[in-house]
Amino acid sequence: MKTIIEKINKLRKEKNAVILAHNYQIGDVQDIADFVGDSLALSRKAAETEADVIIFCGVHFMAETAKILSPEKTVILPDENAGCPMANMLTKKELLAFKTEHPDALVVAYVNCSAEIKAESDVCCTSANAVKIIESLPEDKEILFVPDQSLGDYVRGKTGRKITLWQGYCPTHHRFLTKDVEDARKNHPDAPVCVHPEATGDVLSLADFIGSTSQILAYCRESDKKEFIIGTEIGILHTLKKENPEKVFYPLSILGDCPNMKLTTLEKVLWSLEDMEYEIKLDEEIRLAAENSVKKMVEIG
Ligand code: 13P
Ligand code: SF4
């Protein structure tokens, strides 16, 4: 009898499918993926791939971004309930009202938002390129940063630009507390604290390194240190340990767990290849407008 992995391998060949996985996916899913990365790298892969089908192991807005960039491809999210609470904290209606209150401002949308929000924005960004994107905009312009208040506040501090924030946030990263950093430092005094910019400003102010998931992976890979405290979603520990078997990684808190990222399993990847479900579909007018903001980001960032 064939194992799940053998079945997945047979089907992905037959259907000319590529499996993309975010750094927060469970280890088994990361291990069978053709490519594992952060949001920016995954958008790039989705745009470049010659596969006919993209199985996107991540959350809904990521698969949507792949569809925005590759409309001719079939983009599949293995679990249709894998959403992102932060992305759901801003509706199109709310963004339109926000824009009306700030008629001269430019809108920068963190990719963690729906296609409708991207379509109403001037440019997108990820946590890996947010500073660069903001710096590419005219200095005298007010910027509306949506939906993540934490990343927006962090880039405001880094760039000194006039940025007005939408009050969305990541429930997973907001579970990290300053006390977690203090305790971790007491227990592991030699370990640098690496934190994702979706964490609160209080926690970020105590970090030794702030970066996207792939930037945290690169920092730990290149550092001479032997121990690290990791302040982002715990799925990343899989790759950290795999890439650095001689180093030790401590989660800043075991509460740093995103339930949506954990919905994808090997079984669901197999079923998604068998049934070609759940396919991402987008209204072409929205897709074209969203493509504009995502492509600008890919060009700049
Ligand atoms: P990055 O991988 O781009 O750092 O994204 C973090 C995240 O929260 C995605 O949901
Ligand atoms: Fe959304 Fe946070 Fe989960 Fe990322 S970790 S998908 S931002 S809830």
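Check the entry above for the structure.
These numbers were taken from a predicted model, which means no experiment stands behind them.

Some points on the overall build of the chain
Alright, step 1. Scanning the chain for helices and strands turns up 14 helices and twelve strands.
Alright, step 2. Taking 301 residues into account, the globule formula puts the C-alpha radius of gyration at 19 Å, and the chain, at 19 Å, falls close to it.
Alright, step 3. When its C-alpha atoms are laid out on the principal axes, the chain stretches across 60 × 50 × 30 Å.
Alright, step 4. Every one of the 301 residues in the chain was classed for burial, and the buried ones make up 54%.
Alright, step 5. Across the chain, contacts joining residues at least 24 apart in sequence account for 62% of those joining residues at least 6 apart.
Alright, step 6. Of the roughly 13200 Å² of accessible surface on the chain, a fraction of 50% belongs to carbon and sulfur atoms.
Alright, step 7. Charged side chains in the chain number 36 positive and 49 negative. The centres of these two groups are separated by 2 Å.

A look at the side chain of histidine 102
Alright, step 1. Within the secondary structure, histidine 102 is located in the loop between α5 (92–101) and β5 (106–110).
Alright, step 2. We classify histidine 102 as buried; its relative accessible area is 17%.
Alright, step 3. Among all residues touching histidine 102, those that are not within four sequence positions of it are Glu142, Leu144 and Thr164.

A closer look at the pattern of salt bridges
Alright, step 1. By the definition in use, this model includes 17 salt bridges.
Alright, step 2. Note that aspartate 183 is salt-bridged to lysine 179, the shortest N-O span being 2.8 Å. With a gap of four residues between them, aspartate 183 and lysine 179 both fall in helix α9 (residues 178–187), about one helical turn apart.
Alright, step 3. Within the structure, one salt-bridge network assembled from shared partners comprises Glu284, Arg287, Glu291 and Lys295.

Notes on the site of ligand 2
Alright, step 1. In the vicinity of ligand 2, the contacting residues are Tyr24, Val59, Cys84, Pro85, Asn112, Cys170, Glu198, Cys258 and Met261.
Alright, step 2. Its atoms largely coinciding with the cavity grid, ligand 2 occupies the largest pocket.
Alright, step 3. Here the shell around ligand 2 is composed, by residue class, of seven nonpolar, one polar and one charged.

Digging into the sheet that holds strand β7 (residues 143–146)
Alright, step 1. Judged by pairing direction, the sheet is parallel, and its four strands sit side by side in the order β6-β5-β7-β8 without closing on themselves. Looking at the sheet topology across the chains shown, the edges are occupied by β6 (123–125) and β8 (163–165). Going across the sheet, the axis of each strand differs from the next one's by a mean of 30 degrees, ignoring polarity.
Alright, step 2. The pairing of β5 with β7 spans four bridges and is parallel. Paired with alanine 109 across the strands is valine 146, a residue of β7.
Alright, step 3. Contacting β5, β7 and β8, α5 runs over the sheet at an angle of about 160 degrees to β7.
Alright, step 4. Contacts from helix α8 (residues 149–159) reach β5, β7 and β8, with the element oriented near 165 degrees to β8.

Some details on the sheet that holds strand β11 (residues 227–231)
Alright, step 1. With parallel pairing, the four strands of this open sheet are ordered in space as β10-β9-β11-β12. In this open sheet, the two edge strands, each paired with only one partner strand, are β10 (209–210) and β12 (248–251).
Alright, step 2. Taken strand by strand, helix α12 (residues 236–243) contacts β11 and β12, and its axis lies near 170 degrees from that of β12.

Comments concerning empty space enclosed by the protein
Alright, step 1. Considering all chains together, one arrives at one cavity of 30 Å³ or more under this definition.
Alright, step 2. The calculated volume of the largest cavity comes to roughly 70 Å³.
Alright, step 3. The set of elements that each furnish at least two residues to the lining of the largest cavity consists of α3 (39–48) and α4 (60–69).
Alright, step 4. Of the residues assigned to the lining of the largest cavity, the class counts are seven nonpolar, three polar and no charged.

Comments concerning α9
Alright, step 1. All buried positions along α9 are accounted for by Asp180, Val181 and Ala184. All buried residues of α9 fall inside an arc of 100 degrees around its axis, so they share one side.
Alright, step 2. Elements in contact with the buried residues of α9: β9 (193–195), α10 (201–204) and β11.

Some remarks on the site of ligand 1
Alright, step 1. Around ligand 1, a shell composed of 13 residues is seen, among which His22, Ser39, His196, Glu198 and Thr213 lie nearest.
Alright, step 2. Here an oxygen atom of ligand 1 sits 3.5 Å away from a polar atom, N or O, in the side chain of asparagine 112.
Alright, step 3. For ligand 1, an oxygen atom lies 2.9 Å from a polar atom in the side chain of glutamate 198.
Alright, step 4. The protein chains hide 96% of the 300 Å² of surface that ligand 1 would expose on its own.
Alright, step 5. Applying the majority rule of atoms within 2 Å of the grid points places ligand 1 in the largest pocket.
Alright, step 6. In the shell around ligand 1, the residues fall into four nonpolar, seven polar and two charged.

How each quantity is defined
- Residues numbered from 1 in each chain as written.
- Chains lettered and ligands numbered in written order.
- Predicted model: local features only at pLDDT ≥ 70, side-chain atom pairs only at ≥ 80, totals over all residues.
- Heavy atoms only, no water.
- Helix = DSSP H or I, 4+ residues; strand = E, 2+ residues; numbered from the N terminus.
- Rg over C-alpha atoms; globule rule 2.2 N^0.38 Å.
- Buried < 20%, exposed > 50% of the residue type's maximum accessible area, 1.4 Å probe, protein only.
- Contact = heavy atoms within 4.5 Å.
- Areas by Shrake-Rupley, 256 points an atom, 1.4 Å probe, with all protein chains shown as cover.
- Lys, Arg positive; Asp, Glu negative; His and termini not counted.
- Charge placed at Lys NZ, Arg CZ, Asp CG, Glu CD.
- Salt bridge = Lys/Arg side-chain N within 4 Å of Asp/Glu carboxyl O.
- Near = heavy atom within 4 Å.
- 1 Å grid on protein atoms, 1.4 Å probe; cavity = no way out; pocket = protein on both sides within 12 Å on 5 of 7 lines; lining within 4 Å.
- Sits in = over half its atoms within 2 Å of the grid points.
- Nonpolar A, V, L, I, M, F, W, Y, C, P; charged D, E, K, R; others polar.
- Pairing = 2+ DSSP bridges.
- Axes fitted to C-alpha atoms, helices over the stretch in contact; angles between N-to-C directions.
- Points joined across faces, edges and corners; volume = space filled by probe spheres on them.
- Arc of directions from axis to C-beta.
- Polar contact = N/O pair within 3.5 Å; in protein donor to acceptor, adjacent residues only side chain to side chain.

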